[in-house]
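Read off the chains here:
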Amino acid sequence: MAKANITRDIIHRQIKGKEECFVCCVVSVVLVCPVQERGALGFERHYHVTDPFIRRLGLEAELQGHSGCVNCLEWNEKGDLLASGSDDQHTIVWDPLHHKKLLSMHTGHTANIFSVKFLPHSGDRILITGAADSKVHVHDLTVKETVHMFGDHTNRVKRIATAPMWPNTFWSAAEDGLIRQYDLRENSKRSEVLIDLTEYCGQLVEAKCLTVNPQDNNYLAVGASGPFVRLYDIRMIHNHRKSMKQSPSAGVHTFCDRQKPLPDGAAQYYVAGHLPVKLPDYNNRLRVLVATYVTFSPDGTELLVNMGGEQVYLFDLTYKQRPYTFLLPKKCHTSGVELPTYLERIKQQANEAFACQLWTQAIQLYSKAVQKAPNNAMLYGNRAAAYMKRKWDGDHYDALRDCLKAISLNPCHLKAHFRLARCLFELKYVAEALECLDDFKGKFPEQAHSSACDALDRDINAALFSKSDNAEDKKGGGPIRLRATGRKDSISEDEMPHPSYCFLATSGIDPVVRLWNPRPESETLNGRVVVDMEGASQANQRRMNADPLEVMLLNMGYRITGLTSGGAGGSDDEDSSEGQVQCRPS
């Protein structure tokens with residue numbers, strides 16, 4: 001944990017808050033200063049949500065009250081109320097700090113509730129729910145009544161989103177592929193279609209989640225079927241539709257005219273670079289790619305995405321990378337950067353971890369060195385080798401990026417050239433892999449007939465031959481911003497961190513809400529903590545890429561080698577006593 005001067009920051013917060021409040025008061029004597037509130041909130045997050053606290057998270061309480069699975073949770077803005085929605089079609093408002101149930105009401109839904117949201121600036125009086133009956137209901141908690149009912153969707157409503165800048169407006173995402181917008185001031189009976197994903201993705205597309213940027217409420221992120229996450233500019237969409245209505249020719253259309261539902265530039269797309277290329281392979285193995293949850297960071301600069309059945313990704317919204325063409329350098333000239341002594345020690349530790357087949361540890365150490373020495377080609381090349389050895393989903397794409405960086409820093413980096421060809425082949429860019437391998441042979445003729453080079457050459461030619469038999473040659477790809485690995489637990493329906501404290505509320509297939517906070521240091525070790533993170537992550541990777549029949553057997557209680565065990569150094573061809581499929585003991 002980095003050292004911090006808390007006293008200095010407290011004084012700075014007080015002085016800054018007074019100065020900003022003074023400016024606000026000059027503008028208007030009745031204006032509430034949001035800047036001071038944001039500063040205090042940021043201070044709380046910085047010092048309350050720290051690594052030592054997170055490591056000591058433990059179960060504080062279980063809130064009983066629902067009779068079905070609890071599918072969704074939502075904190076109010078202050079963090080002193082927690083709302084939950086369940087399969088029992090009830091919503092409950094809790095006082096989580098005192099573990100009390102404050103209110104319980106039937107929502108009027110006839111199916112499972114999938115989303116609950118407090119309407120901003122309503123004094124926590126208005127609650128919105130969306131459910132599997134395709135309905136969106138608005139409730140007044142003070143009288144425990146449903147005041148508005150919307151039935152415009154034709155399939156399950158999966159998520160509701162609100163925005164502080166628009167206190168009477170909210171949005172819904174449903175499995176009919178529509179994003180609808182509601183304004184309680186204009187019409188309490190109908191909604192308008194903001195985004196129709198079926199226009200672009202076909203009739204089978206399903207919208208699963210959405211969220212509004214907390215710093216700029218004009219931006220709406222949407223997760224749906226497929227590997228892409230979309231970021232929409234709401235203001236641009238509204239302005240486009242207003243101009244279309246005001247246009248003199250708006251009411252005159254020929255038979256072939258087709259109105260553009262979205263203006264150019266209103267949508268941005270984010271995708272992990274390896275996913276579009278692997279989509280056909282995933283489909284063949286019945287792996288469904290769908291974004292099941294999206295959320296912004298508090299400052300609105302990052303977007304966290306849970307890709308159902310795959311991994312968790314973090315995209316940097318400030319670095320809008322576009323696809324580009326990388327030309328391999330024609331001339332070979334050596335350029336190296338000497339590492340300081342302390343970085344040389346880190347590199348040596350990473351090399352030792354690599355030799356022990358601790359791939360993740362090696363990657364972390366190389367990354368630590370790269371942060372301090374971003375112009376050292378050897379570090380990128382070594383990290384690429386660790387990614388290629390680990391072979392998690394997306395690792396070959398990360399290795400490809402490191403190879404490109406290493407070659408740009410040192411065009412004579414022999415291993416980076418060869419690893420680049422191997423990465424392109426693994427990512428199904430077969431023609432590019434052949435071109436890269438030919439370039440490698442030309443630059444390093446002494447390696448042209450090595451066993452590794454011959455093996456890769458055979459693999460590429462075999463792939464090209466099989467491709468010629470198949471007329472459909474699908475290629476894809478895209479820029480990846482920032483990548484983090486992880487997997488949401490299959491039994492966890494919702495995880496909702498407190499707005500400012502290190503306090504977590506979770507729910508799942510049980511009819512309870514669990515509250516987690518940092519436990520005292522005097523308490524015994526938390527038995528729920530996963531000690532072997534490397535082994536758990538490796539098991540998750542194998543489970544994600546398992547054969548569908550193996551997954552079915554695993555869910556039935558059978559134990560299968562590589563899916564139920566296996567640490568960091570585990571191998572797929574290990575010979576052990578657990579090699580046979582065994583029935584789990586009762």
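Caption draft 1: Examining the packing of helix H9 (residues 377-390) against helix H11 (residues 414-426) more closely. Put simply, H9 and H11 touch, their axes get as near as 11 Å, and they point 35° apart. Between H9 and H11 lies a crossing whose hand is left-handed. Facing Gly381, Asn382, Ala385 and Met388 of H9, the residues of H11 in contact are Arg419, Arg422 and Cys423. Residue classes in the contact of H9 with H11 are distributed as three nonpolar, two polar and two charged.

Caption draft 2: Spotlight on the sheet that holds strand E13 (residues 192-196). Across the sheet, four strands lie side by side as E10-E11-E12-E13; this open sheet has antiparallel pairing. Two strands in the sheet have a free side with no partner beyond their single neighbour: strand E10 (157-163) and E13. Ignoring which end each strand starts from, the neighbouring axes of this sheet average 25° apart. Bridge count between E10 and strand E11 (residues 166-174): six bridges; the pairing is antiparallel. The partner of Thr162 across the bridge, within E11, is Phe170. Sheet strands in contact with helix H5 (residues 234-246) are E11, strand E12 (178-183) and E13, and its direction is about 115° off that of E13.

Caption draft 3: Inspection of the packing of H9 against helix H10 (residues 395-409) at higher detail. It is the contact of H9 with H10, at a shortest axis distance of 8 Å, that shows an interaxial angle of 160°. It follows from the interaxial angle that H9 and H10 lie roughly antiparallel. Classified by chirality, the crossing of H10 by H9 is left-handed. Contacts between H9 and H10 involve Ala377, Tyr380, Gly381, Arg383, Ala384, Tyr387, Met388 and Arg390 from the former and Asp395, His396, Asp398, Ala399, Asp402, Cys403, Lys405, Ala406 and Leu409 from the latter. Of the residues in the contact of H9 with H10, the class split is nine nonpolar, two polar and six charged.

Caption draft 4: Structural context of the pattern of salt bridges. Under the counting rule described, the total for this entry stands at 16 salt bridges. The residue Lys208 makes a salt bridge to Glu175 at a minimum N-O spacing of 2.7 Å. Of this pair, Lys208 sits in strand E14 (residues 207-212) while Glu175 sits in the loop between E11 and E12; the two residues are 33 residues apart in sequence, bridging distant segments of the chain. For Lys208, a relative accessible area of 15% translates into the label buried. In this structure Glu175 comes out as buried when scored by relative accessible area, which is 7%. Salt bridges linked by common partners bring Arg156, Glu175, Glu206 and Lys208 together as one network.

Caption draft 5: A look at the sheet that holds strand E16 (residues 229-233). Ordered by their spatial adjacency, four strands build an open sheet running E14-E15-E16-E17, and the pairing between neighbours is antiparallel. At either end of the open sheet lies a strand with only one pairing partner, and these are E14 and strand E17 (267-270). Taken over all neighbouring pairs, the strand axes of this sheet differ in orientation by 25° on average, direction set aside. Bridge count for E16 against E17 is four bridges, and the pairing is antiparallel. Bridging across to E17, Arg230 finds its partner in Tyr269. Here H5 sits on the sheet in contact with strand E15 (219-224) and E16, set at roughly 55° to E16.

Caption draft 6: View of a nonpolar patch on the surface. A contiguous nonpolar patch, built from Leu549, Met552, Met556 and Tyr558 and spanning about 400 Å² of accessible area, is present on the exposed surface. For Leu549, the position within the fold is in helix H15 (residues 548-555).

Caption draft 7: Representation of unusual backbone geometry within the structure. Phi at His121 takes a positive value of approximately 60°, unusual for a residue other than glycine. Mapped onto the secondary structure, His121 falls in the loop between strand E6 (113-118) and strand E7 (126-131). His121 sits in the exposed class, given a relative accessible area of 61%. A positive phi angle, near 65°, is found at Lys391, a position not held by glycine.

Here is what the cut-offs are and how they apply
- What you see as residue numbers is a count from 1 along each chain, following the sequence as written.
- Local features in this predicted model are restricted to residues of pLDDT 70 or higher, and side-chain atom pairs are both shown and tallied only at a pLDDT of 80 or more, whereas totals for entire chains, interfaces and linings draw on every residue.
- Excluded from the side-chain calculations are hydrogens and water; all other atoms, namely the structure's heavy atoms, are used.
- Comment: axis = line fitted to C-alpha atoms, over the contacting stretch for helices; angle = value between 0 and 180 degrees taken between N-to-C directions.
- Runs of H or I in DSSP of at least four residues are treated as helices and runs of E of at least two as strands, each being numbered from the N terminus.
- When the near helix sits turned anticlockwise from the far one by under a right angle, the crossing is termed left-handed; a clockwise turn instead gives a right-handed crossing.
- The contact criterion used throughout is that any non-hydrogen atoms of two residues lie within 4.5 Å.
- For this classification, Asp, Glu, Lys and Arg are treated as charged, while Ala, Val, Leu, Ile, Met, Phe, Trp, Tyr, Cys and Pro are nonpolar and the rest, including Gly, are polar.
- In this description, strands pair whenever DSSP reports at least two bridges between them.
- In these notes the angle categories are as follows: under 35 degrees is roughly parallel, over 145 is roughly antiparallel, 65 to 115 is roughly perpendicular, and the rest is oblique.
- Any Lys or Arg side-chain nitrogen located within 4 Å of an Asp or Glu carboxyl oxygen qualifies as a salt bridge.
- For every residue, the accessible area (1.4 Å probe, protein chains only) is compared with the maximum for its type, and the residue is labelled buried under 20%, exposed over 50%, or partly exposed between those bounds.
- Distance thresholds for patches are 9 Å for like charges and 5 Å for nonpolar side chains (Val, Leu, Ile, Met, Phe, Trp, Tyr), applied to residues having over 30% relative accessible area and no salt bridge.
- Here, Shrake-Rupley sampling with a 1.4 Å probe gives the accessible areas, and only protein chains in the shown set may cover a residue.

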